[in-house]
Amino acid sequence: MPYTISHIEDGNIVCIRGVGRLTVEEYKKGSLEVVDMLRKHNSLRLFVDNRLAHNVASVVELYSLSRFFHEIELSTKLRIALLVGADTPNVKDLGFFETVSRNRGYNMRMFYAENEVIEWLMEKSV
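Here goes a summary of the coordinates provided. (Residues numbered from 1 in each chain as written. Predicted model: local features only at pLDDT ≥ 70, side-chain atom pairs only at ≥ 80, totals over all residues. Heavy atoms only, no water.)

1. Examining the pattern of salt bridges
For side chains bearing opposite charge, pairing can occur when the charged atoms are close. To keep it simple, the criterion reads: A side-chain nitrogen of Lys or Arg and a carboxyl oxygen of Asp or Glu constitute a salt bridge if their distance falls within 4 Å. The helix count covers DSSP runs of H or I at least four residues long, the strand count covers runs of E at least two residues long, and both are numbered beginning at the N terminus. Accessibility here uses a 1.4 Å probe with only protein chains present; expressed as a share of the type maximum, an area under 20% marks a residue as buried, one over 50% as exposed, and anything in between as partly exposed.
What the rule picks out here adds up to six salt bridges. Linking Glu73 and Arg39 is a salt bridge whose minimum nitrogen-to-oxygen distance equals 4.0 Å. Of this pair, Glu73 sits in the loop between helix H2 (59-71) and strand S4 (79-83) while Arg39 sits in helix H1 (residues 24-41), and the two are 34 residues apart along the sequence. Assessed through its relative accessible area of 59%, Glu73 is described here as exposed. Among the salt bridges present, the one from Asp49 reaches Arg51, with a minimum N-O distance of 2.7 Å. Exposure remark for Asp49: the relative accessible area of 5% places this residue in the buried category. Overlapping salt bridges, with partners in common, bring together Arg17, Asp49, Arg51 and Glu114 in one network.

What follows is the structure, encoded as structure tokens:
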């Protein structure tokens with residue numbers, strides 16, 4: 001499995017960490033599991049750690065992924081932090097995905113530092 005999903009009790013954050021090559025099918029499968037975990041813990045905070053992942057989804061597939069979020073009823077009240085590394089492959093495509101997701105009503109931000117992710121997720125507006 002190219003990802004792991006966990007719950008961080010301190011802050012009620014659901015975290016998905018990608019490792020290796022991730023296709024759009026794996027993003028979708030992971031998204032379904034994340035929705036279940038978010039509902040189980042009644043959480044509105046999602047930490048997506050893609051520092052060790054290699055996105056192989058095309059720009060068109062990433063565009064469709066944000067539509068898929070609506071299909072699986074991912075809440076637009078959710079705060080989604082996407083963590084990437086400076087050397088993350090296809091980081092520009094992930095930046096495009098962030099923009100498309102925001103345009104579809106999702107509160108998503110891309111970060112390069114984990115401490116900024118936690119700080120943003122823990123802001124009181126959630």
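2. Examining H1
The test is simple: Given a helix with a known number of residues, its expected span is that number minus one, times 1.5 Å. Contact between two residues is taken to exist if any of their heavy atoms lie within 4.5 Å; hydrogens are not considered.
Taking 1.5 Å of rise per residue, 18 residues should cover 26 Å, and H1 covers 25 Å from first to last C-alpha, within 8% of that figure. Restricting attention to buried positions, one finds in H1 the residues Val24, Tyr27, Gly30, Ser31, Val34, Val35, Met37 and Leu38. If you follow the buried residues of H1, they end up packed against strand S1 (3-8), strand S2 (13-22), strand S3 (45-55), H2 and helix H3 (91-103). Two residues or fewer after H1 comes Asn42, characterised by a positive phi angle close to 50°.

3. Quick word on empty space enclosed by the protein
For clarity, the cut-off: Grid spacing is 1 Å over the protein atoms alone, the probe is 1.4 Å, and a cavity is where that probe fits but cannot get out, while a pocket is an open set with protein on both sides within 12 Å along at least five of seven lines and lining residues have an atom within 4 Å of a point. Grid points are joined across faces, edges and corners, and a volume is the space filled by probe spheres set on the points.
Under the criterion given, the structure shown has one cavity of 30 Å³ or more. Here the largest cavity defines a volume of roughly 310 Å³. Lining the largest cavity are 22 residues, with Ile16, Tyr27, Ser31, Val48 and Phe69 sitting closest to its centre. The set of elements that each furnish at least two residues to the lining of the largest cavity consists of S2, H1, S3, H2, S4 and H3.

4. As for the sheet that holds S3
Note the cut-off: Between any two strands, pairing holds if DSSP finds at least two bridges. All axes are obtained by fitting lines to C-alpha atoms, using only the stretch in contact for helices, and the reported angles, taken between N-to-C directions, cover 0 to 180 degrees.
Strand order in the open sheet formed by five strands is S1-S2-S3-S4-S5, with mixed pairing between adjacent strands. Strands at the two margins of the open sheet, each flanked by one partner only, are S1 and strand S5 (107-111). Along the sheet, successive strands turn relative to each other by an average axial angle of 15°, direction set aside. Bridge count for S2 against S3 is eight bridges, and the pairing is parallel. Each bridged residue has a counterpart across the sheet, and for Val19 the counterpart in S3 is Leu52. Contacting S1, S2 and S3, H1 crosses the sheet at an angle of about 15° to S1. Each of S3, S4 and S5 touches H3; the most contacted strand, S5, lies at about 160° to it.

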